[in-house]
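Each chain, letter by letter, is given below.
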Amino acid sequence: VGGAQGALVDVTTREGGEQIEGSLRGSFESQRLDGSNLIAGEIGHELASRWDVDAQLRGPLVRDRLHFALFGRAIAEQDTVPSYLPPRFAPLVPQGPSLADRQWLGKLSWTPGGRDTVRLSFMGRDQTGERVGQTGYETRDATQRLSQWTLAGSLTWRRHWSAGSALTLALDGFTARAEHDPYG
């Protein structure tokens, strides 16, 4: 296809092992705690609040044969934007832009025999945003609502004959959709 762009990236993610392992992390930022650096008349915005939660769980489903790995992350952000529209009743827009971002990855690794390995993985990302693109020079109706998602999957079979020889067959897929809807 003319004008198409693309890339191939080979990334190895963590796999499940023989023990159940997991972690949960979170962080929070707030303009109330950090203060503000916005200057009157300045074009721009800054972070008003941000939540970030990250989790993973890995382990065996069938010892020495079938393992799983699950990863997830959720982020919620709210921005503060100065208001430049007349009449200026408040120095900031009533509701600044916001973004929610959710990411996940699931992976199964199966070893049916000593020479074969089968891996199945799916990952996705979903983003939603309100008042996207707001700079303070437009009304809420001139901004956009964002909704986009991405899904990718991979199925791989590998047969090993020796330390230096193997055959790998892979089936991969990708799909995405993005919508920027005006409020008006």
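Residues numbered from 1 in each chain as written. Predicted model: local features only at pLDDT ≥ 70, side-chain atom pairs only at ≥ 80, totals over all residues. Heavy atoms only, no water.

Regarding the pairing of strand E6 (residues 144–162)
Stage number 1. In the sheet, strand E5 (residues 116–132) pairs with E6 via 15 bridges, with the strands oriented antiparallel. When the bridges of E6 are listed, Met123 appears paired with Ala152.
Stage number 2. Sheet topology note: the E6/strand E7 (residues 165–182) ladder contains 18 bridges and is antiparallel. Its bridge partner lying in E7, Leu155 is registered against Leu171.
Stage number 3. The turn linking E6 back onto E7 is made up of 2 residues. (Pairing = 2+ DSSP bridges. Helix = DSSP H or I, 4+ residues; strand = E, 2+ residues; numbered from the N terminus.)

What to know about the side chain of Ser109
Stage number 1. Checked against the element boundaries, Ser109 lands in strand E4 (residues 98–110).
Stage number 2. The exposure class assigned to Ser109 is buried, which follows from its relative accessible area of 6%.
Stage number 3. Residue contacts for Ser109: discarding those within four places in its chain leaves Glu15, Arg65, Leu66, His67, Val118 and Arg119. (Buried < 20%, exposed > 50% of the residue type's maximum accessible area, 1.4 Å probe, protein only. Contact = heavy atoms within 4.5 Å.)

A short note on the sheet that holds strand E1 (residues 21–30)
Stage number 1. A sheet is described by the order of its strands in space; here 7 strands give the open sequence E1-E2-E3-E4-E5-E6-E7, paired in antiparallel fashion. Two strands in the sheet have a free side with no partner beyond their single neighbour: E1 and E7. Here the average twist between neighbouring strands, direction ignored, is 5°.
Stage number 2. As paired elements, strand E3 (residues 66–80) and E4 share 13 bridges and run antiparallel to each other. Opposite Leu70, over in E4, you have Gly106 as the bridge partner. (Axes fitted to C-alpha atoms, helices over the stretch in contact; angles between N-to-C directions.)

Notes on the pattern of salt bridges
Stage number 1. One pass over the full model with this rule turns up 11 salt bridges.
Stage number 2. We note a salt bridge from Asp52 to Arg50, for which the minimum N-O separation is 3.3 Å.
Stage number 3. Taking relative accessible area as the criterion, Asp52 reaches 10% and is therefore assigned buried.
Stage number 4. We classify Arg50 as buried; its relative accessible area is 18%.
Stage number 5. The closest approach of N and O atoms between Arg125 and Asp101, which form a salt bridge, is 2.5 Å. On the criterion of sequence distance, the pair formed by Arg125 in strand E5 and Asp101 in strand E4 is long-range, its members being 24 residues apart.
Stage number 6. Given a relative accessible area of 38%, Arg125 falls into the partly exposed group.
Stage number 7. A residue is classified by how much of its surface remains accessible, and Asp101, at 6% relative accessible area, is buried.
Stage number 8. What emerges from the salt-bridge pattern is a single network uniting Arg50, Asp52, Arg73 and Glu77. (Salt bridge = Lys/Arg side-chain N within 4 Å of Asp/Glu carboxyl O.)

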